[in-house]
Amino acid sequence: MKRRKFIVIAGIGTVAAGGLAYQIHSNYQSDKYEQRVADTWRHTNTVSLSSDKVMEELVRYGTLAANSHNTQPWLFKIGNQRITILPDFKRRCLAVDPDDHHLYASLGCAAENIAHAAIALGLFANITVNDKAEEVIRIDFDQIPSVKSELFQAIPRRQCTRVAYNGKKVSSHKLKILEATSGYDGISTRIFTSENDMETILEYVVAGNTNQMQDHAFVKELKDWLRFNPATAMKYGDGLFTATSGNPTFPDWLGSRLFDLAFTEKIENEKYRDQLRTAAGVIAFISEKDDIEHWINAGRSYQRFALQATALRLQHSFVNQAVEVPEVRKQLANYLNIGERRTDLLVRFGYGPRLPKSVRRPLDQVII
Ligand SMILES: Cc1cc2nc3c(=O)[nH]c(=O)nc-3n(C[C@H](O)[C@H](O)[C@H](O)COP(=O)(O)O)c2cc1C
């Protein structure tokens, strides 16, 4: 056998054997992963909840919010009937989010979850934002009768579902509910469902994605936050575990090499074409002012939408490529005819499968 041919066959053999060995390992680990998910994505047992644990429990609900790259860029301080949320700048993503827009939006998502959970625990959350303070979000609570709303019920079920959906349309009744729930102070939403709008938005998503795929820093940063197997996802308790995006799991060494081979502009653009063309619609979150307070409110607005969509048994995922690249965001703004206002977030929704859930870090790592 010629030397080159032998090396190729030996290489494939090693990968296959590694893959097989890992399969066995992976099944074992998955049980542990499922247990971790069940422990994370659960409601509070209010009957056995002691009063000094209420604030901690509210923080736990906050950590179940969506957040950029699952970096969980938040820290929480607990006081007497008060929770404050601080940005964790060690977890910022400078390539995809150079102005910390997504970081602050993620804090808004957490605050919104806390507000809904608080009502279920008999507390009204008064949320104030002070963008000059380190404790940028302050939440003070007043006693009220407890109500378990459908948005609260949806908190542990919500997930970002990053695969193709089934193309089924969403009724105008449900679209109206989504629109009514999502609006927020200084944030307006626009829902697009026509083929013409969806195809145009797709062009901007592909333009943004193409730009990002050619940006070495963006690709490296994304890869750093990928977790290729359940063991690594659990070890860090953060990041983007491949299975949560419908991708296979691998040992770290193999996942890293396969990512370099398979993460191409062409494949990724095709993926987004498929994802948008099988979605029922796209919602844009647009803020009146481009500042920290509005970024936080955009996060709150999205989280409300996400909980409502979940309650309506809809799936959703972000297609932010079109708003993350400034030139493309400007072109999208022209299309939306919104002048100088900023499109903060872009999310597709529709009917589709559910995927494995993401993990979170334990509370002792985020409460200071
Ligand atoms: C501000 C913000 C920006 C996000 N941007 C994207 C994005 O561009 N693409 C994507 O697939 N997910 C995006 N996400 C979703 C996160 O990756 C997701 O929330 C995180 O991985 C945790 O997963 P979960 O929401 O399913 O719990 C974003 C989330 C937030 C809050």
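Data block above holds the structure.
Being a predicted model, the structure only gives us computed values, none of them experimental. (Residues numbered from 1 in each chain as written. Predicted model: local features only at pLDDT ≥ 70, side-chain atom pairs only at ≥ 80, totals over all residues. Heavy atoms only, no water.)

A.B. asks: How do you make sense of the site of the ligand when you look at a structure like this?
C.D. replies: Inspection of the region around the ligand gives 21 residues, with Arg158, Cys160, Arg162, Ser358 and Arg360 positioned closest. Here an oxygen atom of the ligand and a side-chain polar atom of Arg162 are 2.7 Å apart. Glu324 is positioned such that a nitrogen or oxygen atom in its side chain is 3.4 Å from an oxygen atom of the ligand. Protein contacts shield 93% of the accessible area of the ligand, which totals 620 Å² for the unbound molecule. Ranked by residues supplied to the shell around the ligand, first place goes to helix 3 (residues 101-120) with 4 residues. Tallied by class, the residues present in the shell around the ligand amount to 8 nonpolar, 9 polar and 4 charged. When we break the shell around the ligand down by domain, the ones giving at least three residues each are domain 1 (46-158 + 357-365) and domain 2 (172-350). (Near = heavy atom within 4 Å. Polar contact = N/O pair within 3.5 Å; in protein donor to acceptor, adjacent residues only side chain to side chain. Areas by Shrake-Rupley, 256 points an atom, 1.4 Å probe, with all protein chains shown as cover. Helix = DSSP H or I, 4+ residues; strand = E, 2+ residues; numbered from the N terminus. Nonpolar A, V, L, I, M, F, W, Y, C, P; charged D, E, K, R; others polar. Domains from an automatic or database assignment.)

A.B. asks: What exactly am I supposed to notice about the environment of Tyr302 here?
C.D. replies: With respect to the helices and strands, the residue Tyr302 is situated in helix 11 (residues 292-311). Using a relative accessible area of 0% as the deciding quantity, one classes Tyr302 as buried. In this structure, the C-alpha to C-alpha distance between Tyr302 and Ala284, residues 18 residues apart in sequence, is 9.2 Å. Sequence-distant contacts of Tyr302, that is, excluding residues within four places in its chain, are made with Ala66, Cys109, Arg158, Cys160, Phe285, His316, Phe318, Leu345 and Val347. (Buried < 20%, exposed > 50% of the residue type's maximum accessible area, 1.4 Å probe, protein only. Contact = heavy atoms within 4.5 Å.)

A.B. asks: So what exactly am I meant to see when it comes to unusual backbone geometry here?
C.D. replies: Where the residue is not glycine, phi is negative for most of them; where a peptide bond is considered, it is trans in most cases. One non-glycine residue, Gln72, lies in the positive phi region at around 50 degrees. Even without being glycine, Gln81 reaches a positive phi, approximately 55 degrees. Here Gln81 lies in the loop between strand 1 (74-79) and strand 2 (82-87).

A.B. asks: Hey, could you run me through the pattern of salt bridges in this one?
C.D. replies: Pairing between side chains of opposite charge can happen when the charged atoms of each approach one another. One pass over the full model with this rule turns up 22 salt bridges. The residue Arg342 makes a salt bridge to Asp99 at a minimum N-O spacing of 3.0 Å. Note that Arg342 is positioned in strand 10 (residues 342-350) and Asp99 in the loop between strand 2 and helix 3, a separation of 243 residues in sequence. A relative accessible area of 7% means that Arg342 is categorised as buried. Linking Asp140 and Arg138 is a salt bridge whose minimum nitrogen-to-oxygen distance equals 3.0 Å. Look at Arg138 and you get partly exposed, because its relative accessible area is 36%. A single network of salt bridges, built from pairs that share partners, joins Asp88, Lys90, Arg91, Arg227 and Asp238. (Salt bridge = Lys/Arg side-chain N within 4 Å of Asp/Glu carboxyl O.)

A.B. asks: Explanation requested: the sheet that holds strand 1 in the structure shown.
C.D. replies: Sheet strands pair via backbone hydrogen bonds, and the direction of the pair is either parallel or antiparallel. Taken in spatial order, the 4 strands line up as 1-2-4-3 in an open sheet, and their pairing is antiparallel. Both outer strands of the open sheet, strand 1 and strand 3 (123-129), are each paired with one neighbouring strand and no more. Along the sheet, successive strands turn relative to each other by an average axial angle of 20 degrees, direction set aside. Direction of pairing for strand 1 relative to strand 2: antiparallel, over a ladder of 6 bridges. By the bridge assignment, Ile78 is partnered in strand 2 with Ile83. Lying on the sheet, helix 3 is in contact with strand 1, strand 2, strand 3 and strand 4 (137-143); it crosses strand 2 at an angle near 165 degrees. (Pairing = 2+ DSSP bridges. Axes fitted to C-alpha atoms, helices over the stretch in contact; angles between N-to-C directions.)

A.B. asks: How should the packing of aromatic side chains be read in this particular structure?
C.D. replies: Pairs of aromatic rings are described using the distance from one ring centre to the other and the angle between the two planes. Enumeration according to the criterion identifies 11 aromatic pairs in this entry. Geometrically, the ring pair formed by Phe285 and Tyr302 is edge-to-face, given 6.3 Å between the ring centres and 75 degrees between the ring planes. You can see Phe285 sitting in strand 8 (residues 281-287) and its partner Tyr302 sitting in helix 11, a full 17 residues away along the chain. Given the relative accessible area of 0%, Phe285 is considered buried. Taken together, the ring pairs in this structure connect Phe285, Tyr302, Phe305, Phe318 and Phe349 into an aromatic cluster. Sitting over the face of the ring of Tyr351, Lys168 holds its NZ or CZ atom 4.3 Å from the ring centroid. Stacked on the ring of Tyr165, the Lys or Arg Arg348 has its end atom at 3.9 Å from the ring centre. (Phe/Tyr/Trp six-rings, centres within 6.5 Å; stacked < 30°, edge-to-face > 60°. Lys NZ or Arg CZ within 6 Å of the ring centre and 35° of its normal.)

A.B. asks: Whenever I open this one, the environment of Ala262 confuses me. Can you help?
C.D. replies: For Ala262, the position within the fold is in helix 9 (residues 252-262). Along the sequence, Ala262 and Pro156 sit 106 residues apart, while their C-alpha atoms lie 32 Å from each other.

A.B. asks: Explain the packing of helix 6 (residues 195-213) against helix 10 (residues 265-277) here, please?
C.D. replies: Two elements in contact, helix 6 and helix 10, have axes whose closest approach is 10 Å; the angle formed by their N-to-C orientations is 155 degrees. By the angle class used here, helix 6 and helix 10 are roughly antiparallel. Read as a crossing pair, helix 6 and helix 10 show a hand that is right-handed. Residue-level inspection shows Met198, Glu199, Leu202, Val205, Val206, Asn209, Thr210 and Met213 of helix 6 in contact with helix 10, the latter providing Glu265, Glu268, Asn269, Tyr272, Arg273, Leu276 and Arg277. Its residues assigned to classes, the contact of helix 6 with helix 10 shows 7 nonpolar, 3 polar and 5 charged. (Parallel < 35°, antiparallel > 145°, perpendicular 65-115°, else oblique. Left-handed = near helix turned anticlockwise from the far one by under 90°.)

All quantities given are derived from atomic positions and should not be read as evidence of function.
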